[in-house]
Amino acid sequence: NAGVTQTPKFQVLKTGQSMTLQCAQDMNHEYMSWYRQDPGMGLRLIHYSVGAGITDQGEVPNGYNVSRSTTEDFPLRLLSAAPSQTSVYFCASTRAGLPNYGYTFGSGTRLTVV
Amino acid sequence: GESVGLHLPTLSVQEGDNSIINCAYSNSASDYFIWYKQESGKGPQFIIDIRSNMDKRQGQRVTVLLNKTVKHLSLQIAATQPGDSAVYFCAEYNAGNMLTFGGGTRLMVKP
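Residues numbered from 1 in each chain as written. Chains lettered and ligands numbered in written order. Predicted model: local features only at pLDDT ≥ 70, side-chain atom pairs only at ≥ 80, totals over all residues. Heavy atoms only, no water.

### As for the interface of chain A and chain B
Interfaces are often described in size by the accessible area the parts lose on coming together.
Logical step 1: The partner chain B presents 21 residues to the 25 residues of chain A that form the contact.
Logical step 2: When chain A packs against chain B, close to 1600 Å² is buried across both sides, 59% of that on carbon and sulfur atoms.
Logical step 3: Taken together, the connections running from chain A to chain B amount to zero salt bridges.
Logical step 4: Our count for the chain A to chain B interface comes out at three residue pairs in polar contact (both at pLDDT 80 or more). (Contact = heavy atoms within 4.5 Å. Buried area = accessible area lost by both parts, 1.4 Å probe. Salt bridge = Lys/Arg side-chain N within 4 Å of Asp/Glu carboxyl O. Polar contact = N/O pair within 3.5 Å; in protein donor to acceptor, adjacent residues only side chain to side chain.)

Below, the structure written as structure tokens:
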């Protein structure tokens, strides 16, 4: 099993550009989430999904869109990149129900917006 | 709003000593807590979890204590090793299996 795979690992964008961060998991997990982590900070929830076709907003959703057309994939779209979106982005997945040993995280995408 | 926070941003310990990392939470309805370890350049890794109906849970060299009266979590690492150097986060589950993270404590192990 590959676990949670994120691509790309690094990305530099110009202000106003759009891009999609990819996330895929092969564990048949129902729940998937996107977090951002700013330097020296904890992780903040952007968007999450409890199953294919279902998405919802987290703590900091503005400027981001998501979709969940399959169980495996949960892409995060930046509509018009801003310097405030410079961060490390983590995708995570878990199975439904407790206890579930928490989310499994990808290795992150480091995004710089100039 | 509800939040999970940590008391100490940086903890420095001598190799071989025990480490204690603390966390306060404010949502008394949370019923599941997790400690994560994050090494530089990597995503968080699950260390240990605890349900709210427990006071203590032990793993390999790690113990989590939960005090619901004062809404406090702690992570104890026995015989701390250089490989334990990382940032540690506590996180709580809210409605819908969503995680809320604290701000993190950096553990530095001195040889």
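### Remarks on the pattern of salt bridges
All names here are of chain B.
Logical step 1: For the structure shown, the criterion picks out six salt bridges over all chains.
Logical step 2: Here Lys 42 and Glu 39 are joined by a salt bridge, their closest N and O atoms 3.8 Å apart.
Logical step 3: Here Asp 84 and Arg 61 are joined by a salt bridge, their closest N and O atoms 2.9 Å apart. Placement of Asp 84 in the loop between strand E8 (72–77) and strand E9 (86–94) and of Arg 61 in the loop between strand E6 (56–58) and strand E7 (62–67) is noted, with a sequence separation of 23 residues between them. (Helix = DSSP H or I, 4+ residues; strand = E, 2+ residues; numbered from the N terminus.)

### Thoughts on unusual backbone geometry
Logical step 1: With an omega dihedral of -5°, the bond running from Thr 7 of chain A to Pro 8 of chain A counts as a cis peptide bond.
Logical step 2: You can see Pro 8 of chain A is positioned in the loop between strand E1 (4–7) and strand E2 (10–13).
Logical step 3: Even without a glycine there, the phi angle at Ala 79 of chain B is positive, about 50°.
Logical step 4: Mapping Ala 79 of chain B onto the fold places it in the loop between E8 and E9.
Logical step 5: We classify Ala 79 of chain B as partly exposed; its relative accessible area is 36%. (Buried < 20%, exposed > 50% of the residue type's maximum accessible area, 1.4 Å probe, protein only.)

### Observations concerning the side chain of Asp 84 of chain B
Logical step 1: Residue class for Asp 84 of chain B comes out buried when judged on its relative accessible area of 7%.
Logical step 2: Those residues within four positions of Asp 84 of chain B in sequence are excluded, and the remaining contacts are Lys 37, Arg 61, Ile 77, Ala 79, Leu 107 and Val 109 of chain B.

### A look at the sheet that holds strand E7 (residues 64–66) of chain A
Residue and element names in this part refer to chain A.
Logical step 1: Taken together, the four strands give an open sheet; going across it, the order is E1-E3-E8-E7, and neighbouring strands pair in antiparallel fashion. Single-partner strands in this sheet number two, and they are E1 and E7. Taking the axes of each pair of neighbouring strands and ignoring which way they run, one obtains an average angle of 20° across the sheet.
Logical step 2: Strand direction decides the pairing type here: strand E3 (residues 19–25) and strand E8 (residues 76–78), joined by three bridges, are antiparallel. Bridge pairing links Thr 20 to Arg 77 in E8. (Pairing = 2+ DSSP bridges. Axes fitted to C-alpha atoms, helices over the stretch in contact; angles between N-to-C directions.)

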